Amino acid sequence: MTETLESFFQMFEYDFMIRAIVGGILVSLCAALLGVSLVLKRYSMIGDGLSHVGFGSLAIAASMNLTSPLHLAMPVVVISAFFLLRLSSNSKIKGDAAIALVSTSALAIGITVATMTKSMDTDLNSYLFGSILSMSEQDMWFSVVLSVIVLVLFVIFYNKIFAVTFDENFAKATGTKAGIYNMIIAMLTALTIVVGMKMMGSLLISSLIIFPAITSMRVCKRFITVIISSALVSVICFFIGLTISYLYSTPVGASIVIVNLAALVLYSLTGAGIRLVRTRK
């Protein structure tokens, strides 16, 4: 126990851990806020699709020996987010089919480029499965800027986001430009995915969007309480998962997902207990 506590406090002495904690917590917070709307709109798998697009663009950037692969990945993923919304709403290819089409195509391109480029094995593993060491100082500061933008926009447009999330047709009827707010949500989601993917990996980054929202909905019923709970659950689970990864040398992305899974089970049992108590009264 003593050695574990010493190791826990020791991890704050490393610069890469500080960057991972700061950047990861902020990305988790952004993902949780955006995830509530995406889950309620039944569009939560957009995170999974965009992460595959991000992997493909990062693989291409790495094969081109670009010093900052994120500079290529960011615009590509943002454009893909807009394309997914447009494809889903204005064509015969709807929702999950559109996401599957884009994500599998991007993943195939990324894998093909990766296998043809012999010098990117390490980068490939970090892009797929995540790495604590992958969070650079530039990524950390981008996470800070991104979190400020997301929080400010979320507070300013809270009522509009609420309306678009629960009844888009009614929102349009009252004069709300639902398309614009959907685009804003998609753009912020895309940026969050790209920044968090280097730590979580393209295979697991969507968990930061899906798990906290679904977990909070097991207990909370109001939109605002779900948002607050999702933010707390996301940040706490990220920190616990990152700590476990450091102390026991487990994959960081997988550790965070497992902690989120445990939180989901705990909230589900709590919600079931609350409903049972209410039915007996």
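Keep in mind that this is a model prediction, so the values were computed, not measured. (Residues numbered from 1 in each chain as written. Predicted model: local features only at pLDDT ≥ 70, side-chain atom pairs only at ≥ 80, totals over all residues. Heavy atoms only, no water.)

Overview of the overall build of the protein chain
Right, on to step 1. Counting its regular elements, the protein chain contains 13 helices and zero strands.
Right, on to step 2. Taken from the N to the C terminus, the helices and strands of the protein chain come in the order α-α-α-α-α-α-α-α-α-α-α-α-α.
Right, on to step 3. A globule of 281 residues ought to have a C-alpha radius of gyration of about 19 Å, and the protein chain, at 19 Å, matches this closely.
Right, on to step 4. Projected onto its principal axes, the C-alpha coordinates of the protein chain cover approximately 55 × 55 × 30 Å.
Right, on to step 5. By the burial criterion, 50% of the 281 residues in the protein chain qualify as buried. (Helix = DSSP H or I, 4+ residues; strand = E, 2+ residues; numbered from the N terminus. Rg over C-alpha atoms; globule rule 2.2 N^0.38 Å. Buried < 20%, exposed > 50% of the residue type's maximum accessible area, 1.4 Å probe, protein only.)

So, helix α3 (residues 46–63)
Right, on to step 1. Taking 1.5 Å per residue, 18 residues should reach 26 Å; α3 reaches 26 Å between its end C-alpha atoms and fits that length.
Right, on to step 2. Among the 18 residues in α3, 16 count as buried, and that is most of the element.
Right, on to step 3. Note on α3: the residue one or two positions beyond its end, Asn65, has a positive phi of about 60°. (Expected span 1.5 Å × (residues − 1).)

Here's the deal with empty space enclosed by the protein
Right, on to step 1. Going through the model one piece at a time under the given rule, you end up with two cavities of 30 Å³ or more.
Right, on to step 2. Approximately 50 Å³ is the volume attributed to the largest cavity.
Right, on to step 3. Leu34, Ser37, Leu153, Phe154, Phe157, Ile161, Ile184, Ile185 and Leu188 are the residues that line the largest cavity.
Right, on to step 4. Secondary-structure elements contributing two or more residues to the lining of the largest cavity are α2 (15–40), α7 (137–156) and α10 (178–200).
Right, on to step 5. A per-element tally of the lining of the largest cavity places α10 first, with three residues. (1 Å grid on protein atoms, 1.4 Å probe; cavity = no way out; pocket = protein on both sides within 12 Å on 5 of 7 lines; lining within 4 Å. Points joined across faces, edges and corners; volume = space filled by probe spheres on them.)

Quick notes on the side chain of His52
Right, on to step 1. In this fold, His52 is placed in helix α3.
Right, on to step 2. Non-local contacts of His52, meaning those with residues more than four positions away in its chain, are made with Ser103, Ala106, Leu107, Ser202 and Leu203. (Contact = heavy atoms within 4.5 Å.)

Quick word on the packing of aromatic side chains
Right, on to step 1. Throughout the structure, instances matching the rule amount to six aromatic pairs.
Right, on to step 2. With 6.4 Å between their ring centres and 50° between their planes, Tyr14 and Tyr246 make a pair best called tilted. With Tyr14 in the loop between α1 (2–10) and α2 and Tyr246 in helix α12 (residues 223–248), this pair connects stretches of sequence that are 232 residues apart.
Right, on to step 3. Measuring from centroid to centroid gives 5.8 Å for Tyr158 and Phe223, while their planes differ by 40°, and the two rings are tilted. (Phe/Tyr/Trp six-rings, centres within 6.5 Å; stacked < 30°, edge-to-face > 60°.)

Here's the deal with the packing of α2 against helix α11 (residues 207–217)
For any two helices packed against each other, one specifies the crossing angle of their axes together with the interaxial distance.
Right, on to step 1. Two elements in contact, α2 and α11, have axes whose closest approach is 7 Å; the angle formed by their N-to-C orientations is 65°. By the angle between their axes, α2 is roughly perpendicular relative to α11. Crossing angle aside, the handedness with which α2 passes α11 is right-handed. Residues Val27, Ser28, Ala31, Ala32, Gly35, Val36, Leu38, Val39 and Leu40 of α2 form the contact with α11, whose own contacting residues are Leu208, Ile209, Ile210, Pro212, Ala213, Ile214 and Met217.
Right, on to step 2. Across the contact of α2 with α11, the residue classes break down as 14 nonpolar, two polar and no charged. (Axes fitted to C-alpha atoms, helices over the stretch in contact; angles between N-to-C directions. Parallel < 35°, antiparallel > 145°, perpendicular 65-115°, else oblique. Left-handed = near helix turned anticlockwise from the far one by under 90°. Nonpolar A, V, L, I, M, F, W, Y, C, P; charged D, E, K, R; others polar.)

Things to note about the environment of Phe162
Right, on to step 1. Checked against the element boundaries, Phe162 lands in helix α8 (residues 158–166).
Right, on to step 2. For Phe162, a relative accessible area of 36% gives the class partly exposed.
Right, on to step 3. C-alpha separation for the pair Phe162 and Thr174, spaced twelve residues apart in sequence, amounts to 13 Å.

Here we look at a positive patch on the surface
Right, on to step 1. Among the surface-exposed residues, Arg218, Lys221, Arg275 and Arg278 lie close enough to one another that they form a single positively charged patch.
Right, on to step 2. Assessed through its relative accessible area of 59%, Arg278 is described here as exposed. (Patch = residues over 30% accessible without salt bridge, like charges linked within 9 Å, V, L, I, M, F, W, Y side chains within 5 Å. Areas by Shrake-Rupley, 256 points an atom, 1.4 Å probe, with all protein chains shown as cover. Salt bridge = Lys/Arg side-chain N within 4 Å of Asp/Glu carboxyl O. Lys, Arg positive; Asp, Glu negative; His and termini not counted. Charge placed at Lys NZ, Arg CZ, Asp CG, Glu CD.)

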